[in-house]
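The lines below spell out each chain.
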Protein chains: 2
Amino acid sequence: MQKLITRLAQKNPSKIILAVLDGLGGLPLNGRTELETAATPHMDRLARISACGLHTPVAAGITPGSGPGHLSLFGYDPLEHQIGRGILEALGLGLEIMNTDIAVRCNYATMRDGVITDRRAGRIPTDRSSKLTELLQENIPNIADVKMTFAPGMEHRLAVLMRFPHILDKDAANIPDTDPQLEGRPPLKPSGSSQSAESVAAVAEILIARAHELLKHEEKANFILMRGFSGKPDIPTFEQAFGLHALAIATYPMYRGLAKLVGMHAPELKGTVEDEIAFLRANYDAYDFFFLHVKKVDSFGEDGNFAEKVKRIEEFDQLLPQIVALNPDVLVITGDHSTPAVVRGHSWHPVPVLLRSPYVLGGLCSSFSERECLRGEFSIFPTVQLMSFILANALRLKKFGA
Amino acid sequence: MQKLITRLAQKNPSKIILAVLDGLGGLPLNGRTELETAATPHMDRLARISACGLHTPVAAGITPGSGPGHLSLFGYDPLEHQIGRGILEALGLGLEIMNTDIAVRCNYATMRDGVITDRRAGRIPTDRSSKLTELLQENIPNIADVKMTFAPGMEHRLAVLMRFPHILDKDAANIPDTDPQLEGRPPLKPSGSSQSAESVAAVAEILIARAHELLKHEEKANFILMRGFSGKPDIPTFEQAFGLHALAIATYPMYRGLAKLVGMHAPELKGTVEDEIAFLRANYDAYDFFFLHVKKVDSFGEDGNFAEKVKRIEEFDQLLPQIVALNPDVLVITGDHSTPAVVRGHSWHPVPVLLRSPYVLGGLCSSFSERECLRGEFSIFPTVQLMSFILANALRLKKFGA
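If you're wondering where the values come from, they're calculated on a predicted model, not measured in any experiment.

A. Here's a closer look at the overall build of chain A. Helix and strand counts for chain A come out as 14 helices and 13 strands. Whereas a compact globule of 402 residues would reach a radius of gyration of roughly 21 Å, chain A reaches 23 Å, a difference of no more than 12%. Along the first, second and third principal axes, the C-alpha atoms of chain A reach 70 × 50 × 40 Å. Put simply, chain A has 402 residues, and 57% of those count as buried.

This is the structure we're talking about:
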């Protein structure tokens, strides 16, 4: 399907804005969902003149992580393009990833007499572990011709990026975790079942030994465990797949990282949603496609904080006229997955979406909510098809067949 | 897809009840369907607070048999996992099937001068044919090391189970019917195109000859025709596929048999729907998942008896509070296919479903019917996805990707 879209894609001067309210979809508390509870006059007005529906990020009943949620929104089949745990961790910590990299998420751990006695090194404070990660970076800048990059995470966490001097094959990251899972057991030795994976495992083994040597006098964090070895997924870029020159506007590193995986430009950015919109406006002439990411909606859903999630939705709605004022050819408002406050986490529920363009039916939904979107002209559809609808509405897809 | 579900499945103490009203879906007579005509206050109340929709058992326009209808409900792709005719017949006659078995449905027939003059032996009375089947069982307990089990059916019908001492390969049952289809023709000789099928065909040939020898003085039923050679389908069990310990509650052997094919526990049971519910209650602590099958709804649909089908739906509705009182984490009410009285048989129409759990939108349907379910949050979806929704609502599926 994606190949067909790529074949039919054509360029034109249209502008597309995809606003993603992370974890937007919800469930009722006292009869009304977060979206139904929130006062959202601007989104409601748009919903009345837009194509609306609900999209299923991965498949019926499947709860998506942020990786598959965003890949689907970007038009890539999330079952075909899976993002490794190490890569996602590295993206979340703001590391740039190249196709010669192997990323690993690591834990500081406590080792005594050859066995792991604490897999999380007593969850040491972040300021302490960050110092240790700096120490590793200073003392292990490379292992042979492999450049090492260490990124501090929260508490016992860190990520390691091993940059090889050449591209590795697909099997290279196929290395089981060294974490023994149970305490009282020795750590596992990194091992690979192919030649390329063996060469990566050999680097990892040296890294573990050198880190242990540097950390051996630490009371708790005297060892590192490595998990989720993964390479950069082989995904066609947004430009290649859709002919779009795209800008990602996101304040959280992971979402900029996901956008970069598909070749979007994703400069570092801090600030509020209003700052994000200002950035959108400032860069509006330079790109075709804008992915604008609003994080806090999801965060409060994850906390089970219904009222705050509602407030964040309302906050976005108040700012929406600033986006509408740009008068994009296609404006889409949706989420990457649902995060109902009553679930306190991501969920499998399809996500409401509205798409405004001159080429929609409209007139089917009275407001923007899960239940109203069900009446919309898109009905329920796989998220991966959203980009097709977007491109079509931007008149960026040629006719198929004569 | 099923592999993904299996990979994500996790156990927890939740309880799931799947109530299947066989042939539930209907069509209007004087403007209202069976469900719309029936007084169903309890199902209507549930529909208002449940996720509702319609599911398509096999594909658009396809009328499913009971086998594919139930396999889909159980979460197995009915196109991938096909159940042979012989196996279905044997299940319907209450035979236990092992993976070393080949099942065949047979007809008593009349042979004169080497040709079949009546393919159904004048539809001899069941009590007479049962006696003949007993005769065959007594005289042909085995053929070489193959154990033979004969099961009497209605009128000219019987089933034969050939139990081999070892597992046969997938081709072993690939044996054309011996029924010549037209009277005045000789029966066909059993023949296989692979070595394993040849060995099965050889046993069948001996069986036909020995049966003819035993029956040769019968005026009508002096021969047997064999059809639908089939082996036990290779289906992962419910426990393997979903991590569910499941109990089937059904009074008809075929439905217990279908449940056993996927590894459900399916003890023999007689009685009314109320007896079935009592059995559910008595076993509620011992299982995770309960498949409760209500047959009569379909039976009256098949007879074209609209009023009786309505009554059976009402009867179930009156008993529903007893099921609701168990307070399962997920309660589903649906059918395995539609059997509109006006069609007098199974039909291709999607089947109404309601799913009650704490994680639904609800509030979209005012009652439980084909037309109301169309407004529900599930919309129209493939039946095979129902198990994914069930597992998700039972919080038995881990997140996909990070």
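Still more to cover.
B. A look at the pairing of strand β11 (residues 330-334) of chain B. Residues and elements named next belong to chain B. Of all five residues in β11, five are buried, a share of seventy percent or more. The alternating pattern of β11 places V330, V332 and T334 and L331 and I333 on opposite faces, both of which are buried. Strand direction decides the pairing type here: strand β1 (residues 16-21) and β11, joined by five bridges, are parallel. Each residue of the ladder has a partner; that of V20, found in β11, is T334. With three bridges joining them, β11 and strand β12 (residues 351-356) adopt antiparallel strand pairing. Residue pairing in the sheet places I333 in a bridge with L354 of β12.

C. Broad picture of the interface of chain A and chain B. Residue-level contacts link 30 residues of chain A with 27 residues of chain B. Both sides together, the interface formed by chain A and chain B hides about 2,100 Å², and carbon and sulfur atoms give 71% of it. Considering only the surface of chain A that becomes buried against chain B, A60, W348 and R371 of chain A emerge as the three largest contributors, covering 25% of it. At the junction of chain A with chain B, the criterion picks out zero salt bridges. Taken together, chain A and chain B are joined by seven residue pairs in polar contact (both at pLDDT 80 or more). Considered class by class, the residues forming the side of chain A that touches chain B number 16 nonpolar, eleven polar and three charged.

D. Spotlight on the sheet that holds strand β11 (residues 330-334) of chain A. All names here are of chain A. If you trace the seven strands from one edge of the open sheet to the other, you get β9-β10-β1-β11-β12-β2-β13, paired in mixed fashion. Every interior strand has two partners, whereas the edge strands, β9 (246-249) and β13 (379-382), have only one. Strand after strand, the sheet turns through a mean of 20 degrees between neighbouring axes, direction not considered. Sheet strands touched by helix α14 (residues 386-393): β1 (16-21), β10 (289-294), β11, β12 (351-356) and β13. Its angle to β11, the strand with the most contacts, is close to 155 degrees.

E. Molecular detail of the packing of helix α5 (residues 85-92) of chain B against helix α9 (residues 253-261) of chain B. All names here are of chain B. Two numbers describe how α5 lies on α9: the axes approach to 7 Å, and their chain directions differ by 120 degrees. It follows that α5 is oblique to α9 by the angle criterion. Residues I87, L88, L91 and G92 of α5 pack against P253, M254, G257, L258 and L261 of α9. Along the lines of polarity and charge, the residues of the contact of α5 with α9 split into seven nonpolar, two polar and no charged.

F. Region of the structure containing helix α3 (residues 41-48) of chain A. Residues and elements named next belong to chain A. Here α3 has its buried residues at M43, D44, L46 and A47. On an axial view of α3, the arc spanned by its buried residues comes to 165 degrees, and they lie on one face. The inward-facing, buried residues of α3 abut α2 (34-37), β2 (51-56), α12 (306-324), β11 and β12.

G. Highlighting the relation of the copies chain A and chain B. With an RMSD of 0.3 Å, the operation that places chain A on chain B is a rotation of 121 degrees combined with a shift of 0.2 Å along the axis. Between the two chains, the operation in question is that of a three-fold axis. Mapped onto chain B, only 3% of the interface residues of chain A again fall at the interface, so the copies present different surfaces.

H. Examining the packing of aromatic side chains more closely. Under the definition given, this model contains 24 aromatic pairs over all chains. Measuring from centroid to centroid gives 5.3 Å for F381 of chain A and F389 of chain A, while their planes differ by 80 degrees, and the two rings are edge-to-face. F381 of chain A gets classed as buried once you look at its relative accessible area, which sits at 4%. Judged by its relative accessible area of 28%, F389 of chain A is partly exposed. These aromatic residues form a ring-pair network of at least three members: F74, Y76, F238, F242, F289 and F291 of chain A. Note that K295 of chain A overlies the ring of Y252 of chain A, its terminal NZ or CZ placed 5.7 Å from the centroid. Positioned above the aromatic ring of Y284 of chain B, the side-chain terminus of K15 of chain B is 5.3 Å from the ring centre.

I. Geometry of the packing of α3 of chain A against α12 of chain A. All names here are of chain A. At a minimum axis distance of 7 Å, the contact between α3 and α12 shows a crossing angle of 60 degrees. Here α12 runs oblique to α3, going by the angle between their axes. Across from P41, H42, M43 and L46 in α3, the residues of α12 making contact are I313, F316, D317, Q318, L320, P321 and V324.

J. The arrangement of a nonpolar patch on the surface in detail. Residues and elements named next belong to chain B. Together, L29, V342 and V343 line one region of the surface with nonpolar side chains, adding up to about 210 Å² of accessible area. Along the chain, V343 falls in the loop between β11 and β12. In this structure V343 comes out as partly exposed when scored by relative accessible area, which is 32%.

K. Local environment of the domain arrangement of chain A. All names here are of chain A. Segmenting chain A into domains produces domain 1 (2-81 + 235-393) and domain 2 (87-231). Each of domain 1 and domain 2 was reduced to a C-alpha centroid, and the two centroids are 35 Å apart. Between domain 1 and domain 2, the buried area comes to about 530 Å², and carbon and sulfur atoms account for 73% of it. Considering only the side of domain 1, the residues that lose the most area to domain 2 are P253, M254 and K260, jointly responsible for 61% of the buried surface there.

L. Fine view of helix α4 (residues 66-73) of chain B. Among the eight residues of α4 of chain B, seven are classified as buried, and the element is accordingly described as predominantly covered. Within α4 of chain B, burial applies to S66, G67, G69, H70, L71, S72 and L73 of chain B.

M. Up close: the nonpolar core. Counting residues in each nonpolar core, the largest one holds 80 residues, and the members touching the most others are F316 and I333 of chain A together with F316 and I333 of chain B. Excluding residues that lie within four positions of it along the chain, I333 of chain A makes contacts with A19, L21, M43, L46, F316, L320, P352, V353, L354 and F368 of chain A.

N. The pairing of strand β7 (residues 157-163) of chain A, seen in detail. Residues and elements named next belong to chain A. Within β7, five of the seven residues are buried, leaving the element largely enclosed by the surrounding structure. Inspection of the sheet shows strand β6 (residues 146-152) paired to β7 by six bridges, in the antiparallel sense. Bridge pairing in β7 places M148 opposite M162. Linkage of β6 to β7, two consecutive antiparallel strands, is achieved through a turn of four residues, within which E155 is found at a positive phi near 50 degrees.

O. Examining the environment of G65 of chain A more closely. Considering the arrangement of structural elements, one finds G65 of chain A in the loop between β2 and α4 (66-73). The sequence separation of G65 of chain A and Q318 of chain A amounts to 253 residues, and the corresponding C-alpha distance is 28 Å. Dropping the residues within four chain positions of it, G65 of chain A is found in contact with H346 of chain A together with K399, F400, G401 and A402 of chain B.

P. Here's a closer look at the environment of R210 of chain B. Residue and element names in this part refer to chain B. With respect to the element layout, R210 can be found in helix α7 (residues 195-215). R210 sits 168 residues away from F378 along the chain, and the two C-alpha atoms are 56 Å apart. If we skip the residues at most four places from it in the chain, R210 touches N139, I140, N142 and I143.

Q. Representation of the pattern of salt bridges within the structure. All names here are of chain B. Under the criterion given, the structure shown has 34 salt bridges over all chains. The partner of K270 in a salt bridge is E268, with the nearest N and O atoms 3.3 Å apart. The residue R312 makes a salt bridge to E308 at a minimum N-O spacing of 3.7 Å. Taken together, the residues R312 and E308, both in helix α12 (residues 306-324) and four residues apart, mark about one turn of the helix. Overall, R312 belongs to the partly exposed group, its relative accessible area being 23%.

So, how was this worked out
- Residues numbered from 1 in each chain as written.
- Chains lettered and ligands numbered in written order.
- Predicted model: local features only at pLDDT ≥ 70, side-chain atom pairs only at ≥ 80, totals over all residues.
- Heavy atoms only, no water.
- Helix = DSSP H or I, 4+ residues; strand = E, 2+ residues; numbered from the N terminus.
- Rg over C-alpha atoms; globule rule 2.2 N^0.38 Å.
- Buried < 20%, exposed > 50% of the residue type's maximum accessible area, 1.4 Å probe, protein only.
- Pairing = 2+ DSSP bridges.
- Contact = heavy atoms within 4.5 Å.
- Buried area = accessible area lost by both parts, 1.4 Å probe.
- Salt bridge = Lys/Arg side-chain N within 4 Å of Asp/Glu carboxyl O.
- Polar contact = N/O pair within 3.5 Å; in protein donor to acceptor, adjacent residues only side chain to side chain.
- Nonpolar A, V, L, I, M, F, W, Y, C, P; charged D, E, K, R; others polar.
- Axes fitted to C-alpha atoms, helices over the stretch in contact; angles between N-to-C directions.
- Parallel < 35°, antiparallel > 145°, perpendicular 65-115°, else oblique.
- Arc of directions from axis to C-beta.
- Least-squares fit on C-alpha atoms with pLDDT ≥ 70 in both.
- Phe/Tyr/Trp six-rings, centres within 6.5 Å; stacked < 30°, edge-to-face > 60°.
- Lys NZ or Arg CZ within 6 Å of the ring centre and 35° of its normal.
- Patch = residues over 30% accessible without salt bridge, like charges linked within 9 Å, V, L, I, M, F, W, Y side chains within 5 Å.
- Areas by Shrake-Rupley, 256 points an atom, 1.4 Å probe, with all protein chains shown as cover.
- Domains from an automatic or database assignment.
- Core = buried A, V, L, I, M, F, W, Y, C linked by side-chain atoms within 4.5 Å.

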